[in-house]
Amino acid sequence: EPLIFAFMVENQLMRREYSKRKSDGLNYKDKKQPSGCIFMFDKNDKTYKGMKLKYRHYWDYLDPAKAPWTIYMAVCRGKGMRYNAYGYARHGNVKLESHPLSYTGFLDETAKRN
């Protein structure tokens, strides 16, 4: 049975953020979702996946035999949005721990493991 990891970002379309267009001075709604990247490493520090986050949600199946997994996520231009990370195991428990890192710490940790 695989583990399921999911990462979701607040929907930008539901926020009330407007700005003025420089060309004609009219207001328009900001619809840009923040981008980011995610890196996943198994218990042997082998890279499972490294990719750019283009959408407001991401999910993947993880092999429980290669646990514990280390997952690094960085979101650029988040503008104070909420982020949620979920883990699901059909039979058993999943424990998620959060360890805040600076951007340079994120780069150092992912480069060290590659």
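Preceding this paragraph is the structure being described.
Now for a description of the structure that goes with this document.

Thresholds, definitions, all that
Residues numbered from 1 in each chain as written. Predicted model: local features only at pLDDT ≥ 70, side-chain atom pairs only at ≥ 80, totals over all residues. Heavy atoms only, no water. Helix = DSSP H or I, 4+ residues; strand = E, 2+ residues; numbered from the N terminus. Buried < 20%, exposed > 50% of the residue type's maximum accessible area, 1.4 Å probe, protein only. 1 Å grid on protein atoms, 1.4 Å probe; cavity = no way out; pocket = protein on both sides within 12 Å on 5 of 7 lines; lining within 4 Å. Points joined across faces, edges and corners; volume = space filled by probe spheres on them. Nonpolar A, V, L, I, M, F, W, Y, C, P; charged D, E, K, R; others polar. Pairing = 2+ DSSP bridges. Phe/Tyr/Trp six-rings, centres within 6.5 Å; stacked < 30°, edge-to-face > 60°. Salt bridge = Lys/Arg side-chain N within 4 Å of Asp/Glu carboxyl O.

By the secondary structure assignment, Thr70 is in strand β7 (residues 70–75). A relative accessible area of 24% means that Thr70 is categorised as partly exposed. Taking the C-alpha atoms as reference points, Thr70 and Glu97, separated by 27 residues in sequence, lie 9.7 Å from one another.

Taken as a whole, the largest pocket holds about 1,100 Å³ of empty space. If you trace the largest pocket, you find 34 residues lining it, with Ile71, Met73, Glu97, Ser98 and His99 closest to the centre. Only β1 (3–9), β7, β8 (83–88) and α1 (103–113) provide two or more residues apiece to the lining of the largest pocket. Taken together, the residues that form the lining of the largest pocket break down as 24 nonpolar, seven polar and three charged.

We now examine the pairing of strand β4 (residues 36–41). Looking along a regular strand, one sees the side chains alternate between the two faces of the sheet. Among the six residues in β4, six count as buried, and that is most of the element. Burial along β4 is two-sided: Gly36, Ile38 and Met40 and Cys37, Phe39 and Phe41, pointing in opposite directions, are all buried. Where β4 meets strand β5 (residues 47–53), six bridges bridge the pair, whose relative direction is antiparallel. Residue pairing across strands places Gly36 opposite Leu53, the latter belonging to β5. Hairpin geometry of β4 and β5 is characterised by an intervening segment of five residues between the two adjacent antiparallel strands and by a positive phi of about 60 degrees at Asp45.

A complete count under the given rule lists six aromatic pairs for this structure. Ring centres of Phe39 and Phe106 lie 6.0 Å apart, and the angle between their planes is 50 degrees; this geometry places the pair in the tilted category. Of this pair, Phe39 sits in strand β4 while Phe106 sits in helix α1; the two residues are 67 residues apart in sequence, bridging distant segments of the chain. With respect to class, Phe39 is no different from Phe106; both count as buried.

As a further point, take the pattern of salt bridges. With the rule as written, the count across this model stands at seven salt bridges. Its salt-bridge partner being Glu1, residue Arg90 comes within 3.7 Å of it at the nearest N-O pair. In this pair, Arg90 sits in the loop between β8 and α1 while Glu1 sits in the segment before β1, placing the two residues 89 residues apart along the sequence. Among the ionic pairs, Arg113 bridges to Asp45, the shortest N-O distance being 2.3 Å. Of this pair, Arg113 sits in helix α1 while Asp45 sits in the loop between β4 and β5, and the two are 68 residues apart along the sequence.

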